[in-house]
Amino acid sequence: MPDDQIVPRLTLVPNPENQTQMIVAQNLTKVYGDFTAVAGIDFTVAKGESFGLLGPNGAGKSTTMRMITATLQRSGGDLTILDKDPDKFGPQIRAHLGVVPQADNLDTELKVHENLYIYGRYFGLSRKYLTKKIDELLAFAQLEDKRNSKVDQLSGGMKRRLTIARALVNEPEVLLLDEPTTGLDPQARHVLWDRLFRLKEQGVTLVITTHYMDEAEQLCDRLIVMDQGKIMAQGSPASLIAEHSSPEVVEVRFGSDRNAAVAERISHIGDRMDVLPDRILIYAQDGEAALAEIISLGQHPVTSLVRRSSLEDVFLRLTGRTLVD
Amino acid sequence: MSAGHWRGATALVDTNRIAKFGAFYAAEYRIRNMLKWWQAIVAFGIGNPLLYLTSIGIGVGSLIDKNTNGAGPDGVKYLAFIAPALLATAALQGTMEEVTFPVVHGFDWRKVFFAMHAAGLTGKQVAQGVIISAITRSVFTVSVYWAILWAFDAFSSPSALWLIPIEIYFGACFAAVMMAVSAYMKEDDGWFAIIGRFVIAPMFLFSGTFYALSTLPLTIRWVGWISPLWHATEIGRYFSYDHPISSTMLLVHFGYMTLLGIAGLLVANRKFALRLAA
Ligand SMILES: Nc1ncnc2c1ncn2[C@@H]1O[C@H](COP(=O)(O)OP(=O)(O)OP(=O)(O)O)[C@@H](O)[C@H]1O
Ligand SMILES: [Mg+2]
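Residues numbered from 1 in each chain as written. Chains lettered and ligands numbered in written order. Predicted model: local features only at pLDDT ≥ 70, side-chain atom pairs only at ≥ 80, totals over all residues. Heavy atoms only, no water.

**Details of the site of ligand 1**
All names here are of chain A.
At step 1: Within the structure, ligand 1 sits among 14 residues, and Gly-58, Lys-61, Ser-62, Thr-63 and Glu-179 are positioned closest to it.
At step 2: The separation between an oxygen atom of ligand 1 and a polar side-chain atom of Ser-62 is 2.8 Å.
At step 3: Here an oxygen atom of ligand 1 sits 2.5 Å away from a polar atom, N or O, in the side chain of Thr-63.
At step 4: Protein burial of ligand 1: of its 630 Å² of free accessible surface, 63% is covered by the chains.
At step 5: Every element with two or more residues in the shell around ligand 1 is listed here: β2 (35-46) and α2 (61-68).
At step 6: Partitioned by chemical class, the residues of the shell around ligand 1 number five nonpolar, seven polar and two charged. (Near = heavy atom within 4 Å. Polar contact = N/O pair within 3.5 Å; in protein donor to acceptor, adjacent residues only side chain to side chain. Areas by Shrake-Rupley, 256 points an atom, 1.4 Å probe, with all protein chains shown as cover. Helix = DSSP H or I, 4+ residues; strand = E, 2+ residues; numbered from the N terminus. Nonpolar A, V, L, I, M, F, W, Y, C, P; charged D, E, K, R; others polar.)

The following block contains the structure:
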C-alpha cells in the first residue's frame, strides 16, 4: 500500500479559505497517563458544513469530541473553536455551542419541558424566550405529546431527540453530536436522521461522530476516518470511496472452510480482494462482470451479492479491519 | 423551527451575564427540584424542632431542671441551654445534607453537573450554585427552627435574633467543607458511611450539645474544639443568654468557621473544575 494512501493529506472537497472556520485543530493530542487516545490530528470545520468523525470503538472519537466542545483539556497541539482557544475561553465557547454527549445526561426526575427550560436557564435565557422556544423545540423533536412526561417514560429514540432539542435551546453556532443514533432501532434512527437533515438544510454547522458508515454517508459533507487516535483518511464520502475503493463490491461466500482456497484461484479478478473469515470481497469497476468471471472459472458461491462500494470498504481497506464488529 | 428566527448563540447568549450570574443559574436548578418536595421540606422543617423540643427540651429538661432547681449547665434552665445547640445542629446538619447527596448525584448518577458545565458554567460556578441552594434551604429551616424555639420560650435575650443569620452563616461554612469532601466521593465507594460514623457522629456527640464541653475529660475535649458544631453552639449561647465568651474567643469562633468555609470553597472549586474537565 503506497504511503499516500495510508495518510492522505489532501481533501478532494474544497474547503475554501474565505469560508469562516468554526473549528481548527492542528496536531490535536490527548494523552491519558502513557496512553495516547488522540495522536496529533489535523482538521477544520467550516461554517454551514456537516462534518463527521467516523471510526470504530476506541478510535478516539469521543475524546476528540470532548476537546472540541471545550469540556476536556487537550494535552497538546493547537485548537481554535469559534476563533477562541478553549484553554482560555472555555465557558464563552461552550455557551455558544450545542452538545449532545454520547451518554444522555437528561434529568430523569424532571419533565420533558422542564429539562429544556432548566438547560436554557444555564445560558441565562429569559423565561419569555424559553417559553416560545420550548414549543418550537418540542415540535421539532416530535415530542409535543410528551411535554409533561417524565424523562424516565421516554423511549431511547425520544430521549435522544430530547437531548438534541436541548442542545438547540441556545441556537448554537455549531451542534456537536457524539453517536446520536447508537443503540436505536432502524425506525428511530431514520426519524433522527430526518431531524438532523433539516438542521443541516437550515445551515446549522454539524459535527457528528459515528461508527455507522451509512450514517456518515447520509449526513456528512466531509469526514475524517479515525483509528487508534489517528486520521486514516479524510474527504467527502464519495471522494473517499473513489480514492480508496472501487465503485462496486462483490461479496461471495463459499463456506468458511473453502473461502481461502477459492480466494487463491480467483485473486486476479477485480482491482483488489479482501478475504474475511465468512466471505470474500472483490473490489471491481463492474461487479456483475466480476461475478460472471468467478462463475466462469467453475467456482459457484453459496451466496453472492453485488453492491456499491461504501465507507465500510474504505475503512477495511485502510485498516484491514471492519468498522462494526 | 425555521431558519427565519434563528438568531444564533453569539447574538442570543450573553457570556458576560453567565460569568456574573452562572452560580445562580446552577442554584436555580437545585432550588426548582427542592420546590417539588416543598411539602416534605416544610413538614420536616417544622416537625424536626417540635420533636426535639418536646422529647429532649421539655422531657429531659424537666427532669434536669427538677434536679438542679432550674439552674442547669451554665446556670440557666435546660431548654435555654440546649436551644442554641439544637439550632446549630439543625443549621449544620441541614446544610450538610444539601451539599453531600446532591453533589454525588450531580457528578455520578445523572451527571447533571456535566450538563451545566457543557452549557458554559465553570466548575466554580457549579460549586457555588450548590452552596447557594443549600443556604436557600437553610434560611427556611433555621428561621422556622428559631421561631419554634422562641415560641417555646427558649431564649431569654432579644439578641437571640442574631442567631438566625449567624447559624445560617456557620452552616454554610461547614457545608463548604462537606461539599469539598463530597467532590472527592464516588457514588458507591462507602466513604459516606465511614465519614458519617467516624467523623460526623462523634462531632455531634462531643460538641457540648447536651452538656457543657468542660465536663468532658481533656482527652476528648479536643474533638469539641475542632468541631464546627461546638463553635456554632458557643456563639449561639453567647447571643441567646448571658453565656460568657471573651472577645478573643468570639473572634476565634468566627475566624475558625470562616477559614473552614474559605478552605472548603477553594478545594471544592478546584475539584469541581478538575472533575468536570476530565
Ligand atoms: N478518562 C480516560 N482515561 C484513560 N483512558 C481513556 C479515558 N477516556 C478514554 N480513554 C481511552 O481512549 C481511547 C479512545 O476513547 P474514546 O472514548 O475517545 O473512543 P471512541 O472512538 O469514542 O469509542 P466509542 O465508539 O466506543 O465511543 C480508548 O482506548 C479509551 O479507553
Ligand atoms: Mg465515543
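**Some details on helix α10 (residues 259-266) of chain A**
Residue and element names in this part refer to chain A.
At step 1: Listing the buried residues of α10 in full gives Asn-259, Val-262, Ala-263 and Ile-266. One side of α10 carries all its buried residues, which in axial view fall inside an arc of 110°. For α10, exposure combined with an orientation more than 90 degrees from the buried face picks out Glu-264 and Arg-265.
At step 2: Of the surrounding secondary structure, the elements contacted by the buried residues of α10 are β10 (248-253), β11 (272-275), β12 (280-284) and α11 (287-296). (Buried < 20%, exposed > 50% of the residue type's maximum accessible area, 1.4 Å probe, protein only. Arc of directions from axis to C-beta. Contact = heavy atoms within 4.5 Å.)

**With respect to the interface of chain B and chain A**
At step 1: Taken residue by residue, the interface counts 36 residues in chain B and 40 residues in chain A.
At step 2: Summing both sides of the interface, chain B and chain A together bury roughly 3,500 Å²; the carbon and sulfur share of this comes to 56%.
At step 3: In this assembly, chain B and chain A are joined by two salt bridges.
At step 4: The salt bridge partner of A:Glu114 is B:Lys36, with a shortest N-O separation of 2.8 Å.
At step 5: Across the chain B-chain A interface, the total number found is 13 residue pairs in polar contact (both at pLDDT 80 or more).
At step 6: Going through the elements one at a time, α1 (9-12), α2 (15-36) and α5 (112-118) of chain B are the ones with two or more residues in the side of chain B that touches chain A.
At step 7: Looking at the side of chain B that touches chain A, the element that brings in the most residues is α2(B), giving nine residues.
At step 8: Broken down by class, the residue content of the side of chain B that touches chain A amounts to 20 nonpolar, nine polar and seven charged. (Buried area = accessible area lost by both parts, 1.4 Å probe. Salt bridge = Lys/Arg side-chain N within 4 Å of Asp/Glu carboxyl O.)

**A short note on the nonpolar core**
At step 1: In terms of nonpolar packing, the biggest core is built from 130 residues, with A:Tyr122, A:Ile164, A:Leu175, B:Phe113, B:Met116, B:Met179 and B:Phe272 touching the most fellow members.
At step 2: For this core, the leading source of residues is helix α4 (residues 78-109) of chain B, giving 17 residues.
At step 3: With residues near it in sequence (within four places) discarded, B:Phe272 still touches B:Val103, B:Phe107, B:Phe113, B:Gly123, B:Val126, B:Ala127, B:Val130, B:Met179 and B:Ala183.
At step 4: By size, the runner-up hydrophobic cluster in this structure holds 27 residues, among which are A:Leu53, A:Ile68, A:Ala70 and A:Ile81. (Core = buried A, V, L, I, M, F, W, Y, C linked by side-chain atoms within 4.5 Å.)

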